[in-house]
Amino acid sequence: MDAERLVRMCRQALAQSRAVPDIVAEAWQALALAQAIGARLALVGPPELRGEARGLGEIGGRGCGVLDHPMVRSGSVRATGLTEVADPEAALLGLNVLLGDVGIALVGVACATDDEGLYWQCIETIDAADESSDRVRGMLRRLAEREPDRPPETVRGRAGP
């Protein structure tokens, strides 16, 4: 399955999540997808993205490791369906928005919980999502540099499209 489609699926699932376990599961899914997209671009992406992509894969993996969630054990990881990143720019733009959504959702969970362990998991995962977003924005800048006539506003920040 293409990265853009998986990103859309993750965004939709996160938006529909209401209970804390569901939000945490979708945050985990998003970081697993960041890891998968980073790993894929590190192997077969544009050469100028490979270093940042490798870093994205590592950060996404670290973020997944922080969250203790049954999705890890159940094997139902959406990112395993990734077969291609047909349009790296579009996939990265969507991923950047998804990572921002994850951060916002986890802030809500962290503020509402009395469970200290869950609170710190959320904080560490927010940090990983933010660091992943930094890598994604770096890759988007590199892609924009390939096209010098392109207006700089096409490299969007967290606000997305």
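Keep in mind it's a predicted model, so treat the numbers as computed, not measured.

Thresholds, definitions, all that
Residues numbered from 1 in each chain as written. Predicted model: local features only at pLDDT ≥ 70, side-chain atom pairs only at ≥ 80, totals over all residues. Heavy atoms only, no water. Helix = DSSP H or I, 4+ residues; strand = E, 2+ residues; numbered from the N terminus. Buried < 20%, exposed > 50% of the residue type's maximum accessible area, 1.4 Å probe, protein only. Contact = heavy atoms within 4.5 Å. Salt bridge = Lys/Arg side-chain N within 4 Å of Asp/Glu carboxyl O. Core = buried A, V, L, I, M, F, W, Y, C linked by side-chain atoms within 4.5 Å.

**Student:** Honestly, the overall build of the protein in this entry has me stumped. Any pointers?
**Tutor:** From N to C terminus, the protein includes six helices and zero strands. Seen in sequence order, the protein has helices and strands lined up from the N terminus as α-α-α-α-α-α. Per-residue burial over the protein gives 49% buried out of 161 residues. For the protein, the proportion of contacts with a sequence separation of at least 24, taken over those separated by at least 6, is 77%.

**Student:** Explain the pattern of salt bridges to me, please; I cannot follow it from the model alone.
**Tutor:** When charged atoms on two side chains of opposite charge get close, those side chains can pair. Within the structure shown, the criterion is met by five salt bridges. Measuring nitrogen to oxygen at the nearest pair gives 2.9 Å for the salt bridge that ties Arg78 to Glu26. Of this pair, Arg78 sits in the loop between helix H4 (70–74) and helix H5 (88–112) while Glu26 sits in helix H2 (residues 20–44), and the two are 52 residues apart along the sequence. Residue classification places Glu26 among the buried positions, given a relative accessible area of 11%.

**Student:** How should I be thinking about the nonpolar core in this particular structure?
**Tutor:** If you look at the biggest cluster of nonpolar residues, it comprises 44 residues, and the most contacted ones within it are Leu33, Ile37, Leu92, Leu95, Leu98, Val102 and Val136. Listing elements by their share of this core, those giving two or more residues are helix H1 (3–16), H2, helix H3 (50–66), H5 and helix H6 (116–145). Among the elements that take part in this core, H2 stands out by supplying 13 residues, more than any other. In this view, Val136 contacts Leu56, Leu92, Leu95, Asn96 and Leu99; residues no more than four positions away in its chain are not counted.

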